[in-house]
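Inside the fold
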Amino acid sequence: MPEPQRPPLSPPPPPPRVPPAPPPRPGFVGDIPAAAGNRMPPPGMQIPSTPRPGAVASPPPASATAQRASAPPVATPAAAAQKQSRGLGPSPGHPTLEHLIREANEKGFSDLHLGVGEIPRFRNRGEIETTEYPETDNQTFMSWLHEVLTDEEISRFQETLDFDGATQYDFARVRINLLESLNGPAMVLRLIPLKILTMEQLRLPPVFRDICHYHKGLILVTGPTGSGKSTTMAAMVDYINKEMPKHIITIEDPIEFIHKSRKSLIRHREVGMHTLKFDNALKAALREDPDLILVGEMRDKETVNTALKAAQTGHLVMGTLHTNSAVKTIERILNLYSAEEQSAMRVAIAESLVGVIAQGLCRTTDGKRAAFHDVLINTETVKDYIRDGKNDEISTIMADNEFDGMITMNKSLFNLYQEGRITEEVALEMSPTQNEMAMMLRGRV
C-alpha cells in the first residue's frame, strides 16, 4: 500500500534584520567627555539601563568616566528622527538645543536660560534678552536634555533635583546647570570659547604677567559670578604654558577652558569625574610633582587649608573666590576660621599670599565689555598690615603704590573713562565707592 504524501517542509524564516547604528554625531571631540556631571549616584539608587537610540544595550559602567565617554553631545538627523519616534524630539516650531547654542555663540552671548513654561532667553553682555521662540513645553525640554546628557545623568537629575556638568561642541564648550523650579525643570548654559584669549587681547595690566613668574605662593582671582574670573585665569595659565616648562594641574567643577600642553605639561581633573572632592584632589596634587595647581573654587575651610599648605611648601596655587574687592577677599578667608584661629591664619596668609585680583565687567561705549580690577600685591608693608589685622588701611596702600602694580577699582574705572571706553554713568554705576568716583570725575569735567 503506497505511503501517504507528506506536505513539503517550509524553509526556515530569515534572521531578523538589525538596523545599522546611526553615524557618529558631528561636533564631538573624541578626547573630551560629552557631559561631565559632578556627582556619583546615591547609594542604592537604581539606574535605568535604557540605551540611546541605535546603541547596544550594556550594563551601567562602573565609573563616572565610563558613563560620560559614551555620550556624544550633538545629534545627527538620523538620531533626531529616532528620538522623535520615541517622543523625545522638540515639539513642532521649537528649535533644537544645538541650534540655540550655535545662535548664542555666533552672536557673542554668554549664557542661555531655558525652562519649561518659559521663553528662551540669552544673556547679552550682562543683560537678559528675550527671544522670539515659543514658550518651552516639557517634551521640548526633555529632548534638549537628551541632546547633551546620558539617560543615567537625566535620571540622576530627576532623583537629586540638581545637576552640574559640561558638554563639548566643535565651536564651543558649554557648562550645564540643571535645576527644578516652581514652573518645572530649567537649565542655565554658560558658553566657554574654545579659543583662549591672551592677556594682550584682554588688555590686562602688565602686573598679571609678573605674577605668573612667581615660583610659589597663593594667587587669588575673585569677583561675582560672570565677572570673567575664569577667562583671566585661563589667559594667565596660557601664558605660563607657552613660556615656561612647568607641570600644571587644574582641579575644576566642571572643567571649563581646555589647555593643550605646550612648553608646560597640563593635566585637567574634574570633581565628580576624576576625583570625588576638591580637597582630595588638592592633597593628592602635592604628591604629583606640580609647579602650578589651579583650584576652580576655594569653597570651604578644608580647601583653603590645603591650598595654603601647598603654597607654603613650594608650589604656586591659583584659586577663585566670590568676593568684590581684594581686601574683602582676605576678610572672607579669615571668616572661615574661629576667633582663636584667626591670628595664626593672618600669619599664614601674610607668608603665602602673592596677590589678589578682584575683577568686574562693565559695558563699553562700543557695545562690548571691559574688565576693571582691584589688584593687591603682597609687599613687605602689606604683609605687616595683614599680620596686624589692619585690613582697612590696605586700601590706602593700594591707592598709593601703583609702582608695585597695585590699583583700586575706582582708579581702574577712571582709567577706562579717560580712555573713552566707558561713560561717566557706567563709571559711577560700577564703582564700589561712588562718592570717591564722583569726586574723581568732577576733577576732570
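Residues numbered from 1 in each chain as written. Predicted model: local features only at pLDDT ≥ 70, side-chain atom pairs only at ≥ 80, totals over all residues. Heavy atoms only, no water.

If you look the protein up in an unreviewed UniProt entry, it shows as Twitching motility protein from Crinalium epipsammum PCC 9333.

Before going further, it helps to spend a moment on the overall build of the protein. For the protein, the count of helices and strands is 17 helices and 13 strands. Evaluated residue by residue, the protein yields a buried proportion of 49% over its 445 residues. Accessible surface, the protein: about 22,000 Å² in total, of which carbon and sulfur atoms supply 52%. (Helix = DSSP H or I, 4+ residues; strand = E, 2+ residues; numbered from the N terminus. Buried < 20%, exposed > 50% of the residue type's maximum accessible area, 1.4 Å probe, protein only. Areas by Shrake-Rupley, 256 points an atom, 1.4 Å probe, with all protein chains shown as cover.)

Quick look at the sheet that holds strand S2 (residues 121-124) now. Strand pairing in a sheet is mediated by backbone hydrogen bonds. Such pairs are either parallel or antiparallel. Read from one edge of the open sheet, six strands run S3-S2-S1-S6-S5-S4, paired in antiparallel fashion. The open sheet is flanked by strand S3 (127-130) and strand S4 (162-168), the only strands paired with a single partner. Recorded for the sheet is a direction-independent mean angle of 20° between the axes of neighbouring strands. (Pairing = 2+ DSSP bridges. Axes fitted to C-alpha atoms, helices over the stretch in contact; angles between N-to-C directions.)

Okay, the sheet that holds strand S8 (residues 247-252) next. Taken in spatial order, the seven strands of this open sheet run S9-S8-S10-S11-S7-S12-S13, and their pairing is mixed. In this open sheet, the two strands that pair with only one neighbour each are strand S9 (265-270) and strand S13 (369-377). The sheet shows a mean angle of 15° between the axes of neighbouring strands, direction not considered. In this structure, strand S10 (residues 292-295) lies alongside strand S11 (residues 316-321), joined through four bridges in parallel fashion. Within S11, the residue paired with isoleucine 293 across the bridge is valine 317.

With that out of the way, let us pick up the pattern of salt bridges. Taken as a whole, this structure holds 13 salt bridges when the rule is applied. Note that aspartate 111 and arginine 190 form a salt bridge whose closest N and O atoms lie 2.6 Å from each other. In this pair, aspartate 111 sits in strand S1 (residues 111-115) while arginine 190 sits in strand S6 (residues 185-193), placing the two residues 79 residues apart along the sequence. The class of aspartate 111 is buried, set by a relative accessible area of 5%. (Salt bridge = Lys/Arg side-chain N within 4 Å of Asp/Glu carboxyl O.)

What follows covers unusual backbone geometry. Note that the residue after aspartate 253, namely proline 254, is joined by a cis bond; omega there is -5°. Looking at the element boundaries, proline 254 is found in the loop between S8 and S9. Of note, the phi angle at leucine 161 is positive, near 70°, even though the residue is not glycine. Along the chain, the position of leucine 161 falls in the loop between helix H5 (151-160) and S4. By relative accessible area, which is 41% here, leucine 161 ends up partly exposed. Despite not being glycine, arginine 203 shows a phi value in the positive range, around 60°.

Those places that UniProt annotates as "domain: Bacterial type II secretion system protein E" (unreviewed entry) correspond, in this numbering, to residues 286-300. Across residues 286-300, the secondary structure splits into 0% helix and 27% strand, with the terminal C-alpha atoms separated by 18 Å. (UniProt positions renumbered as here; feature names shortened; annotations may be inferred.)

If you trace the backbone, aspartate 151 turns up in helix H5. Judged by its relative accessible area of 9%, aspartate 151 falls in the buried class. One polar contact links aspartate 151 to histidine 146, side chain to side chain, over a distance of 3.3 Å. (Polar contact = N/O pair within 3.5 Å; in protein donor to acceptor, adjacent residues only side chain to side chain.)

The next subject is the side chain of serine 431. Tracing the sequence through the fold places serine 431 in the loop between helix H16 (424-430) and helix H17 (434-444). Residue classification places serine 431 among the buried positions, given a relative accessible area of 7%. Side-chain polar atoms of serine 431 contact the side chain of asparagine 410, separated by 2.5 Å. Not counting residues within four places of it along the chain, the set of residues in contact with serine 431 comprises Asn410, Leu413 and Met437. (Contact = heavy atoms within 4.5 Å.)

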